[in-house]
Amino acid sequence: MNLTLHVWRQASPDDRGRFVTYEALDVEAHMSFLEMLDVVNEGLEERGEEPIAFDHDCREGICGTCGMVVNGRPHGPWKRTTVCQLHMREYRDGDDIWIEPWRAAGFPVIRDLVVDRTSLDRIVAAGGFISARTGSAPDANAIPVPKAHAERAMDAASCIGCGACVAACPNASAMLFTSAKVAHLNLLPQGRPEKAMRVIDMVLQMEAENFGSCTNHGACETACPKDISVDFIALLNRDYLSAAVGRSG
Amino acid sequence: MKLDSRIPSGPIAQKWDQHKFEMKLVNPANKRKHHVIVVGSGLAGASAAATLAELGYAVTCFTYHDSPRRAHSIAAQGGINAAKNYQGDGDSIYRLFYDTVKGGDFRSREANVYRLAQLSVNIIDQAVAQGVPFAREYGGMLANRSFGGAQVSRTFYARGQTGQQLLLGAYQALMKQVGSGAVRLRPMKEMHDLILVDGHARGIVTRDLISGEIESWTADAVVLGTGGYSNVFYLSTNAMKCNVTAAWRAHKRGAGFANPCFTQIHPTCIPVSGEYQSKLTLMSESLRNDGRIWVPRNAGDGRAPNEISAADRDYYLERMYPSFGNLVPRDLASRRAKDMCDDGYGVGSSGRGVYLDFADAIERLGEEAIRERYGNLFEMYERITGENPYGQPMRIYPAPHYTMGGLWVDYNLMSTIPGLHVIGEANFSDHGANRLGASALMQGLADGYFILPYTIGDYIARHAGDPIAPDHPDVAGTVEGVKSRTARLLAMDGNRTVESVHRELGRLMWDNCGMARTATGLRTALERIPTLREEFWEDAKVVGGGGTLNQVLERAARVADFLELGELMCRDALAREESCGGHFREEHQTPEGEAKRNDDGFSHASVWGYTGEDSAPVEHREPLEFEYVTPSQRSYK
Ligand SMILES: Cc1cc2nc3c(=O)[nH]c(=O)nc-3n(C[C@H](O)[C@H](O)[C@H](O)COP(=O)(O)OP(=O)(O)OC[C@H]3O[C@@H](n4cnc5c(N)ncnc54)[C@H](O)[C@@H]3O)c2cc1C
Ligand code: SF4
Ligand code: FES
């Protein structure tokens with residue numbers, strides 16, 4: 001099949017950026033979306049033009065490196081799927097595809113489709129951990145964890161830190177990401193001692209990073225490739241409230 | 001090159017304790033004055049950086065990723081081994097040790113493997129304390145499964161995302177130290193060279209992937225946790241950015257490279273679908289616990305799998321290896337799949353595939369149970385192939401996956417360059433000629449949490465020198481070297497893309513230094529690679545400039561190093577006139593087609609020393625001695 005791509009090109013953070021149109025010819029249905037871009041890029045390179053910069057690594061939907069908005073949807077049209085796992089059998093000959101970077105104040109564009117997401121790391125550094133000095137841990141079975149709690153924590157821990165939730169949110173809020181990390185750790189007995197501090201510190205950092213606030217749109221959950229539920233946001237709010245009360249009281 | 005393995009004396013079970021007692025300690029008050037550079041933030045690098053900072057050292061951690069959490073360890077699916085014996089099925093430290101030495105086909109160091117088995121239990125404790133949500137039983141205790149040919153259930157797992165969860169644990173520990181200022185994190189900086197001063201590793205030179213700036217960094221010691229080199233094959237299960245540059249640059253500065261030809265081909269990956277293929281996707285080995293592998297009994301049987309009756313199917317692993325069946329080690333499973341396809345029994349449009357069938361397991365346990373165990377893997381398979389594995393068998397084929405070879409290290413994890421320590425997949429230790437499933441995560445974390453942080457103290461206590469001025473001639477000289485190499489790459493303006501050269505190298509390596517190797521094939525590759533390397537430097541092209549994010553330049557610098565490594569791998573494979581583990585020389589096989597070792601001639605690690613651009617590398621040997629596990633012909637019949 002042959003496709004027409006409209007790709008956001010932006011040479012640097014200061015460049016204003018623009019859409020540039022490319023023809024993607026002889027695309028095969030079995031290709032992944034990123035392999036389709038590879039072929040376009042190799043063609044550009046052969047002609048001595050600079051290829052489209054986009055970030056990616058594992059191409060298995062687990063590292064969270066890839067991310068672009070495809071026809072208005074973060075990671076493209078497939079549910080629970082990162083853009084690296086999207087395959088071209090989704091498209092038909094003659095389709096037009098619009099490709100843009102994540103757009104959010106918390107994620108400045110570095111080049112073309114590559115954005116700076118180090119803000120998410122700083123949120124984790126603020127409190128997204130359990131302090132457990134190496135070598136000090138008790139036997140792993142010393143504290144039983146009910147299966148249901150472990151599973152729920154695992155649901156939250158499946159977040160890959162891609163930032164699609166931020167890109168999807170009309171306020172560019174990082175609430176889904178932050179709540180997933182808070183929930184993962186706060187749901188486990190091991191995470192309880194630092195529970196209150198964790199939620200307050202992480203939320204403060206999130207606010208310091210130019211992310212907008214959450215107004216319960218739920219667009220984040222729809223865009224999330226890992227099915228992270230907005231229920232975790234409710235959990236965060238509950239933990240935050242009780243931590244704030246605990247602090248003032 | 002002197003190879004002193006520094007294996008402590010005494011009975012194997014006491015070596016590590018004894019060694020810890022004998023190591024020199026650094027005065028706690030002085031630790032913050034000592035600076036350690038850690039390159040890599042995978043399981044090995046992140047756990048080491050976090051623990052070193054906890055101990056009080058000043059640490060700087062580098063990664064070419066935008067976040068430490070993206071290191072390739074994140075992709076590990078199946079699980080991590082530990083000799084906890086929580087299932088009471090007869091496991092022990094000694095059994096894990098024994099299995100690992102045997103699984104590695106008697107080409108690893110006994111003392112290291114024993115220590116690894118000992119520390120495996122501490123890793124699980126540590127991970128659980130950090131909040132790693134391992135699978136649990138209804139009673140709240142940790143669940144286990146058997147994995148990768150083990151006959152006991154010693155594998156801990158977090159759905160099909162064990163690497164992700166372990167890495168997030170280490171990453172969070174690291175970020176805590178970053179938050180408190182104990183670790184300086186330097187993402188998007190790629191190491192391009194190692195700085196030596198008076199023969200000791202004292203720093204690195206990096207290129208900033210966003211600004212293009214080339215900078216030097218100095219320290220008391222350097223740690224590489226930079227992962228494996230399977231991408232020399234172009235197509236592999238590794239992430240797209242995995243590369244050998246850090247290890248290769250260290251090799252060129254004097255670090256011995258051990259057993260480069262020991263690579264692992266994983267039996268269960270999704271087959272190649274076309275020329276545009278950019279990487280291969282692993283389907284976790286755990287699938288072999290419930291999936292049955294077969295091919296049609298009649299070569300060229302073009303019917304759909306579900307139309308082929310049981311009588312017309314050949315469950316060849318069950319037939320050939322009645323006691324291990326589908327759970328034989330990776331090297332065997334891979335080679336048998338290749339044999340089947342070579343003989344014309346392969347399935348799928350390319351004929352390079354075999355079936356992995358869950359119909360019986362679904363019948364026995366129900367679809368729900370299978371979904372709970374492997375749901376995410378099945379989903380991934382369907383996304384990639386468009387086929388539903390609940391309704392029809394998966395198609396799988398072997399693919400390059402892991403590299404047992406790497407920089408040689410002693411018992412302290414120090415390379416042949418004093419001060420340069422190497423951890424995780426980047427070193428050569430522990431797995432011999434074949435790695436068992438669920439043991440790389442274990443090794444990376446044992447190295448990073450529990451070994452390196454102590455052994456590096458011994459080095460620092462003995463050797464810490466004066467701080468090095470940024471204008472020291474050895475620093476400035478190394479920076480200049482990186483600048484001129486980068487300029488040379490940027491000036492390349494030929495007709496070939498960097499990708500096309502990498503693809504060609506990959507095919508050469510796969511055909512001649514892949515699953516089965518012959519002297520003739522290896523010689524062919526050894527002739528072609530140097531000319532391909534010349535073509536790269538003369539006829540490839542790098543578009544774009546050096547002062548911005550330039551992904552073509554990044555790839556070109558990595559491919560240039562693969563073009564040198566590939567040659568060394570073939571040389572090593574040619575020199576090793578035996579078959580062992582993943583290294584299969586067709587000239588050396590038993591009548592049944594199994595790997596035939598030559599213990600009299602090759603019971604050693606081959607450690608290659610770099611001698612210059614125009615001269616051949618020199619092979620040194622570390623003899624291996626087996627006091628506890630007597631080498632035998634592996635048999636999985
Ligand atoms: C698909 C897949 C599944 C696997 N499943 C399992 C499993 O179930 N069980 C198991 O035990 N093992 C498994 N393995 C193997 C295991 O995951 C790896 O061997 C292990 O995670 C490697 O960890 P590492 O820390 O050594 O390296 P990596 O995780 O690869 O980390 C390397 C780090 O080094 C950095 N780096 C590299 N070069 C440079 C440079 N020049 N400059 C700056 N930074 C650099 C990278 O940015 C990265 O941070 C699997 C491997 C793959 C590919
Ligand atoms: S919550 Fe979902 S969308 Fe947001 S970073 Fe995590 S995985 Fe990505
Ligand atoms: S490239 Fe890793 S999630 Fe897409």
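Residues numbered from 1 in each chain as written. Chains lettered and ligands numbered in written order. Predicted model: local features only at pLDDT ≥ 70, side-chain atom pairs only at ≥ 80, totals over all residues. Heavy atoms only, no water.

Trainee: What is the right way to read the overall build of chain B from this model?
Mentor: Assigned secondary structure in chain B consists of 17 helices and 21 strands. Relative to the globule expectation of 26 Å for 637 residues, the C-alpha radius of gyration of chain B, 24 Å, shows essentially globular dimensions. Projected onto its principal axes, the C-alpha positions of chain B cover 75 × 60 × 50 Å. Classification of the 637 residues of chain B by burial places 67% in the buried group. Considering only residue pairs separated by 6 or more positions, chain B has 73% of its internal contacts joining residues 24 or more positions apart. Roughly 20600 Å² of accessible area belongs to chain B as shown, and the carbon and sulfur atoms make up 47% of that amount. (Helix = DSSP H or I, 4+ residues; strand = E, 2+ residues; numbered from the N terminus. Rg over C-alpha atoms; globule rule 2.2 N^0.38 Å. Buried < 20%, exposed > 50% of the residue type's maximum accessible area, 1.4 Å probe, protein only. Contact = heavy atoms within 4.5 Å. Areas by Shrake-Rupley, 256 points an atom, 1.4 Å probe, with all protein chains shown as cover.)

Trainee: Just checking my understanding: could you explain the interface of chain A and chain B for this structure?
Mentor: A common measure of how large an interface is: the accessible area buried when the components associate. Taken together, the contact between chain A and chain B spans 75 residues of the former and 76 residues of the latter. In total, chain A and chain B occlude about 6500 Å² of area from one another, counting both sides; carbon and sulfur atoms represent 51% of this. Remark: the boundary between chain A and chain B carries 10 salt bridges. Among the ionic pairs, A:Asp139 bridges to B:Lys84, the shortest N-O distance being 3.0 Å. (Buried area = accessible area lost by both parts, 1.4 Å probe. Salt bridge = Lys/Arg side-chain N within 4 Å of Asp/Glu carboxyl O.)

Trainee: So what exactly am I meant to see when it comes to the pattern of salt bridges here?
Mentor: Residues and elements named next belong to chain B. Summed over all chains, the structure comprises 72 salt bridges over all chains. When the shortest N-O distance is used, the salt bridge between Asp91 and Arg154 registers 2.9 Å. Linking Asp91 in the loop between strand E3 (80-81) and helix H4 (93-103) with Arg154 in the loop between helix H5 (110-130) and strand E4 (155-156), this pair joins segments that are 63 residues apart in sequence. Residue Asp91 shares its accessibility class with Arg154, and that shared class is buried. For Arg202, the salt bridge goes to Asp220, with nearest N and O atoms at 4.0 Å.

Trainee: Looking at this structure, how should I read the site of ligand 2?
Mentor: Every residue lining ligand 2 is accounted for by A:Cys159, A:Ile160, A:Gly161, A:Cys162, A:Gly163, A:Ala164, A:Cys165, A:Leu176, A:Phe177, A:Cys224, A:Pro225 and A:Ile228. Among the elements of the structure, helix H4 (164-168) and helix H5 (175-186) of chain A are those that each provide at least two residues to the shell around ligand 2. (Near = heavy atom within 4 Å.)

Trainee: I keep staring at the nonpolar core and nothing clicks. Help me out?
Mentor: Residues and elements named next belong to chain B. Residues Ile80, Phe134, Leu420 and Phe536 are the most contacted members of the largest nonpolar core, which totals 193 residues. Looking at this core element by element, the count peaks at 14 residues for helix H16 (residues 551-575). Apart from residues no more than four positions distant in its own chain, Ile80 is found in contact with Ile123, Ile124, Phe134, Arg154, Thr155, Phe156, Thr162, Leu166, Ala438, Leu441, Met442 and Leu445. One finds Ile265, Ile270, Leu317 and Leu356 within the second-largest nonpolar core, a separate group that totals 34 residues. (Core = buried A, V, L, I, M, F, W, Y, C linked by side-chain atoms within 4.5 Å.)

Trainee: Just checking my understanding: could you explain the site of ligand 1 for this structure?
Mentor: All names here are of chain B. In the vicinity of ligand 1 lie 37 residues, with His72, Ser73, Met191, Glu425 and Leu441 positioned nearest. At 2.9 Å from an oxygen atom of ligand 1 is found a main-chain nitrogen or oxygen belonging to Ser41. At 2.8 Å from an oxygen atom of ligand 1 is found a main-chain nitrogen or oxygen belonging to Leu441. Protein contact buries 98% of the 1000 Å² of open area that ligand 1 shows by itself. The leading source of residues in the shell around ligand 1 is strand E6 (residues 189-197), at three residues. Taken together, the residues of the shell around ligand 1 sort by class into 15 nonpolar, 18 polar and four charged. (Polar contact = N/O pair within 3.5 Å; in protein donor to acceptor, adjacent residues only side chain to side chain. Nonpolar A, V, L, I, M, F, W, Y, C, P; charged D, E, K, R; others polar.)

Trainee: Any chance you could explain the domain arrangement of chain A here in plain terms?
Mentor: All names here are of chain A. According to the domain assignment, chain A contains domain 1 (3-110) and domain 2 (117-248). Put simply, the middle of domain 1 and the middle of domain 2, counted by C-alpha atoms, are 29 Å apart. In this complex, domain 1 contributes 18 residues to the contact, which on the side of domain 2 involves 20 residues. Our count for the domain 1 to domain 2 interface comes out at zero salt bridges. Between the two partners, domain 1 and domain 2, sit five residue pairs in polar contact (both at pLDDT 80 or more). Residue composition of the side of domain 1 that touches domain 2, by class: eight nonpolar, seven polar and three charged. (Domains from an automatic or database assignment.)

Trainee: Where do I start with the domain arrangement of chain B in this structure?
Mentor: Residue and element names in this part refer to chain B. Each assigned domain of chain B is listed with its residue range as follows: domain 1 (266-400) and domain 2 (473-595). Taking the mean C-alpha position of each, domain 1 and domain 2 sit 31 Å from one another. Taken together, the 11 residues of domain 1 in the interface contact 11 residues of domain 2. Taking both partners together, domain 1 and domain 2 bury about 850 Å²; carbon and sulfur atoms supply 55% of that area. Three residues, Glu275, Arg335 and Lys338, lead the burial of domain 1 against domain 2; their summed loss comes to 51% of the area buried on that side. Salt-bridge contacts for Arg507 lead to Glu275; the nearest nitrogen and oxygen are separated by 3.4 Å.

Trainee: What's the story with the packing of aromatic side chains in this structure? I'm lost.
Mentor: The geometry of two aromatic rings is summed up by the distance between their centres and the angle between their planes. This structure, assessed with the given rule, holds 24 aromatic pairs over all chains. Centroid distance A:Phe33 to A:Tyr91: 6.1 Å. Interplanar angle 45 degrees. Geometry classified as tilted. Note that A:Phe33 is positioned in helix H1 (residues 33-46) and A:Tyr91 in the loop between strand E4 (73-74) and strand E5 (96-100), a separation of 58 residues in sequence. Three or more aromatic residues joined by ring pairs form one cluster here, namely B:Phe358, B:Tyr374, B:Phe378 and B:Tyr390. A cation over an aromatic ring shows up here: B:Arg115 above the ring of B:Tyr411, its NZ or CZ 4.0 Å from the ring centre. (Phe/Tyr/Trp six-rings, centres within 6.5 Å; stacked < 30°, edge-to-face > 60°. Lys NZ or Arg CZ within 6 Å of the ring centre and 35° of its normal.)

Trainee: Would you mind showing me how to read the sheet that holds strand E5 (residues 183-186) of chain B here?
Mentor: Note: strands within a sheet are paired through backbone hydrogen bonds, in either parallel or antiparallel orientation. All names here are of chain B. Within the open sheet, the five strands sit side by side as E5-E2-E1-E9-E17. Their pairing is parallel. The sheet is open, and its two edges are formed by E5 and strand E17 (420-422), each paired on a single side. For this sheet, the mean angle separating the axes of adjacent strands, direction not counted, is 20 degrees. Where strand E9 (residues 221-224) meets E17, three bridges bridge the pair, whose relative direction is parallel. When the sheet's bridge partners are listed, Val222 is paired in E17 with Leu420. (Pairing = 2+ DSSP bridges. Axes fitted to C-alpha atoms, helices over the stretch in contact; angles between N-to-C directions.)

Trainee: Help me out: how do you make sense of unusual backbone geometry in this one?
Mentor: Glycine aside, residues mostly have negative phi, and peptide bonds are mostly found in the trans state. Residues and elements named next belong to chain A. Even without being glycine, Arg80 reaches a positive phi, approximately 50 degrees. When you line up the elements, Arg80 lands in the loop between E4 and E5. Here Arg80 falls in the partly exposed class, since its relative accessible area comes to 33%. Non-glycine residue Asp227 carries a positive phi angle of around 60 degrees. Its location among the elements puts Asp227 in the loop between helix H7 (219-223) and helix H8 (231-248).

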